[in-house]
Amino acid sequence: MADGKKAIEALRGRFPGAVVSEGSFRDQHWAVLRLETLVEACRWLRDDPAWAFDVLLDATAAHWPDDPEPIELIYHLHSTARNDRLRIKVRTADGAEVPTLSGVWRSAEWAERETYDMFGIVFRGHPDLRRILMPEDYTDFPLRKEFPLYRG
Amino acid sequence: MPPTYERSEEHPDVITLNMGPSHPATHGVLRIVLRLDGETVVKATPHIGYLHRGMEKIAENRSYLQFLPYTDRMDYLSPLAANVGFALAVEALLGIRVPPRCEVIRVLCCELARIGSHLVWLGTHALDMGAGTVFFHTFRDREWHYDLIEHLTGARLTTSFTRVGGIARDVDAAWLRKLRDFVDAMPRRIREYEALLTKNTIWLKRTRGVGVLRAADALSLGVTGPSLRASGVEHDVRKLRPYSGYERYDFEIPTGSEGDIYDRYLVRLEEMRQSLRILDQALRDVPDGPVSVEDPKVFLPPKRKVLTSMEELIHQFMIVTEGFECPAGEVFHSTEVPKGELGFYVVSTGGKAPYRLRIRSPSFHNLAALPLLCEGGLVADVIAVIGSLDPVLGEVDR
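Residues numbered from 1 in each chain as written. Chains lettered and ligands numbered in written order. Predicted model: local features only at pLDDT ≥ 70, side-chain atom pairs only at ≥ 80, totals over all residues. Heavy atoms only, no water.

**Concerning the confidence of the model for chain B**
Atomic detail in the predicted coordinates should be set aside for any region of low pLDDT. Going by this rule: The pLDDT value expresses, per residue, how confident the predictor is, ranging between 0 and 100.
Mean pLDDT over chain B: 91, with 97% of residues reaching 70 or higher. Here the prediction assigns the complex a pTM of 0.90, and the interface score ipTM is 0.91.

**Regarding the sheet that holds strand 9 (residues 356-360) of chain B**
Residue and element names in this part refer to chain B. Worth spelling out the cut-off: Two strands are counted as paired when DSSP detects at least two bridges linking them. Note on conventions: DSSP H or I runs of at least 4 residues are helices, E runs of at least 2 residues are strands, and numbering of each starts at the N terminus. In this analysis, axes come from line fits to C-alpha atoms, helices being fitted only over the stretch in contact, and the angle between any two N-to-C directions falls in the range 0 to 180 degrees. Pairs of residues are marked as contacts when any of their non-hydrogen atoms sit within 4.5 Å.
As summarised here, the arrangement of the 3 strands in space is 7-8-9, forming an open sheet in which the pairing is antiparallel. Across the chains shown, the open sheet's two edge strands, defined by having one partner strand only, are strand 7 (326-337) and strand 9. Each strand axis lies, on average, 5° off the axis of its neighbour in the sheet, ignoring direction. Judged from the 5 bridges that link them, strand 8 (residues 340-351) and strand 9 form a sheet pairing that is antiparallel. Bridged to V347 within strand 9 is R356. The strands touched by helix 2 (residues 64-72) within the sheet are strand 7, strand 8 and strand 9, with strand 8 carrying the most contacts at an inclination of about 160°. Sheet contacts for helix 3 (residues 79-94): strand 7, strand 8 and strand 9; angle to strand 7, the most-contacted strand, approximately 145°.

**Some words on the pattern of salt bridges**
Residues and elements named next belong to chain B. Quick reminder of the rule: Any carboxyl oxygen of Asp or Glu within 4 Å of a side-chain nitrogen of Lys or Arg constitutes a salt bridge here. Three exposure classes are used, based on accessible area relative to the maximum for each residue type with a 1.4 Å probe and protein chains only: buried under 20%, partly exposed in between, and exposed over 50%.
Counting across every chain of the model gives 54 salt bridges over all chains. Among the salt bridges present, the one from E56 reaches R358, with a minimum N-O distance of 3.2 Å. Linking E56 in helix 1 (residues 55-59) with R358 in strand 9, this pair joins segments that are 302 residues apart in sequence. Here E56 matches R358 in class, with each residue buried. The partner of E192 in a salt bridge is R188, and the shortest N-O contact between them spans 3.6 Å. A residue pair is termed a helical-turn pair when its members lie 3 or 4 positions apart in one helix, as E192 and R188 do in helix 6 (residues 173-197) at 4 residues.

**Here we look at the packing of helix 1 (residues 5-14) of chain A against helix 2 (residues 38-47) of chain A**
All names here are of chain A. Heads up, the condition is: An angle below 35 degrees is read as roughly parallel, one above 145 as roughly antiparallel, one from 65 to 115 as roughly perpendicular, and any other as oblique. For any helix crossing, the convention is left-handed if the near helix is rotated counterclockwise from the far helix by under a right angle, and right-handed if that rotation is clockwise. Residue polarity is assigned by list, with Asp, Glu, Lys and Arg as charged and Ala, Val, Leu, Ile, Met, Phe, Trp, Tyr, Cys and Pro as nonpolar; anything else, Gly included, falls into the polar class.
Close contact between helix 1 and helix 2 brings their axes to 11 Å; oriented N to C, the two are set at 125°. Of the possible angle classes, the one that applies to helix 1 and helix 2 is oblique. As for how helix 1 packs across helix 2, the hand of that crossing is right-handed. Where helix 1 approaches helix 2, its residues A10, L11 and R14 are matched on the opposing element by A41, W44 and L45. Within the contact of helix 1 with helix 2, the residues separate by chemical class into 5 nonpolar, no polar and 1 charged.

**What about the packing of helix 4 (residues 100-128) of chain B against helix 5 (residues 132-153) of chain B?**
Residues and elements named next belong to chain B. Running from N to C, helix 4 and helix 5 cross one another at 155°; their axes reach a closest spacing of 8 Å. As the angle between them shows, helix 4 and helix 5 are arranged roughly antiparallel. As for the relative orientation of helix 4 and helix 5, their crossing is left-handed in sense. For the pair helix 4 and helix 5, contact is made by C109, L112, G116, L119, V120, L122, G123, T124, A126 and L127 and by G132, V134, F135, T138, F139, D141, R142, H145, L148, I149 and L152, respectively. Grouping the amino acids of the contact of helix 4 with helix 5 by side-chain chemistry returns 13 nonpolar, 6 polar and 2 charged.

**Remarks on the interface of chain A and chain B**
Note the threshold: Summed over both partners, the accessible area lost on bringing two parts together, with a 1.4 Å probe, is the buried area. Pairs of N or O atoms are called polar contacts if they sit within 3.5 Å, as long as, within protein, a hydrogen donor faces a hydrogen acceptor (for residues adjacent in sequence, only side-chain-to-side-chain pairs).
Taken together, the contact between chain A and chain B spans 47 residues of the former and 47 residues of the latter. Taken together, the two surfaces of chain A and chain B that pack against each other cover about 3,900 Å², and 55% of this comes from carbon and sulfur. Counting the surface chain A buries against chain B, the share from its top three residues, R106, W110 and L133 of chain A, is 17%. For the interface between chain A and chain B, the tally reads 7 salt bridges. Note that E341 of chain B and R85 of chain A form a salt bridge whose closest N and O atoms lie 2.8 Å from each other. Where chain A packs against chain B, one counts 26 residue pairs in polar contact (both at pLDDT 80 or more). Among the elements that make up the side of chain A that touches chain B, the one with the highest residue count is strand 3 (residues 55-63) of chain A (9 residues). Residues that form the side of chain A that touches chain B fall into these classes: 25 nonpolar, 8 polar and 14 charged.

**Quick look at unusual backbone geometry**
All names here are of chain B. One non-glycine residue, S160, lies in positive phi territory at about 40°. Its place among the elements puts S160 in the loop between helix 5 and strand 5 (162-163). For S160, a relative accessible area of 16% gives the class buried. With phi around 50°, S244 is a residue other than glycine that occupies positive phi space. In this fold, S244 is placed in the loop between helix 10 (237-240) and helix 11 (261-284). Since its relative accessible area comes to 6%, S244 is described here as buried.

**Structural notes on the environment of N83 of chain A**
You can see N83 of chain A is positioned in the loop between strand 4 (71-79) and strand 5 (84-92). In this structure, the C-alpha to C-alpha distance between N83 of chain A and A52 of chain A, residues 31 residues apart in sequence, is 9.8 Å. Sequence-distant contacts of N83 of chain A, that is, excluding residues within four places in its chain, are made with H78 of chain A together with L240 and R241 of chain B.

**Description of the packing of aromatic side chains**
Rules: Centres within 6.5 Å make a pair out of two Phe, Tyr or Trp rings, where for Trp the six-membered ring is used; the pair is then stacked when the planes are under 30 degrees apart, edge-to-face when over 60, and tilted otherwise. Placement of a positive charge over a ring is assigned whenever Lys NZ or Arg CZ falls within 6 Å of the ring centre and within 35 degrees of the normal to the ring plane.
With the rule as written, the count across this model stands at 16 aromatic pairs over all chains. Taken together, the aromatic side chains of F67, Y70, F86 and F344 of chain B make up a single cluster linked through ring pairs. The lysine or arginine in question, K145 of chain A, covers the ring of Y355 of chain B, its NZ or CZ lying 3.8 Å from the ring centre.

Structure, rendered in structure tokens:
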């Protein structure tokens, strides 16, 4: 199905230098974007009729503690008009603020709250950045790799 | 937790009312803090997480096979569908495809699960709004569906029926006959439920034009499943990205036009009929053959061989005690479960456990639409809206 391959080519053309790297596995494609271009690129991907990624299926993160940029943000985009999918990623330093995508797709609101809750990533401009699954007075971020699986 | 009833000084007419987490109409441990001006909802704030078990964290320390039982405990009204979704995601990571007989049995599982889930939704949703009779009809038939699941898997709720590369065991002819009886009887049963509700004046007044979700809002909020289709968007993973051989079956995707509670009701009702259509076609053509891949590194060898051959004994021992290796890579694989699009994003760095397992839960995103649907409406309609979104908190909280 070659999901997202053409959209990544178009992103490279429209935002030169924005795509840091790209990858694919089992015919699913992703692009790693520069943090500064994330919101602008996503808004273009949503609004340009050639791409029309009108759904943000999910937003999440992964923690790679041994990497110089240990925080990886992952966004799964879907286009209902074209039945296409694209994965957008961003890498950043620990503790850095990242811009919210809740102004582009409202589904980012709860998804980013969960990402904050689980990884401690702060989303700049988020309308209501509170913990969502863990208790309000909880102090840890359980999906970070240093969080122990057992308390022995 | 703030007091359950609170009046503020600056807005003496606006009160704060706490609803849940233990409330019979919230379908689980959902808590909503409502700001009410008289009977009008000014603000609705859902609080979730009461059923959070940290499944995504647990997955990082379990072999792929050991994680399977956790998928039973997400949407506990349709565990079979989540079992299939998880198995397919790991199979996509491995790059393997199961034999045709297994695919058909998985389709039977998924559609049976959809009917079971929709029967609970319909019974409880109608009960919440005072139509108690429907509940007894749907739960009678849901009992039947549970008997089928018990015969198939040995369990009614915690099915854990799929395996990566196959299913736990083959089905027998007796089960297929029993399922055929169910498929033949259900259309009449669905007409019974319809007779109770579809033209019922009270039902129409409670559901029509209430809790309207426009298509643009639904898409932006990431709503999927029947709740999105009722708003007129023909989004169904079974059609868009067929898996497990769904492209072989002739079925329609019911959609609504108004996006109100009544449309969501009609769409789910029609979905049950379409599920029966798929079951009917699948039952007519269950191919013979194996129900699992023949890869001793992934799938358990047959017990007969384990007891007689050293090599198979070692394979069984390795899979059970350590699990199997997955290549480094990442996949996002979706299936259409009764609540919407269930996605598993599996990140592997090689090895026997995922580095990161993200569960894209349809109920989580569907529930995010709740404030939009409730605010400006009446407090009594909050209960109707919750029922119409059909959230399962086990899946919301994971």
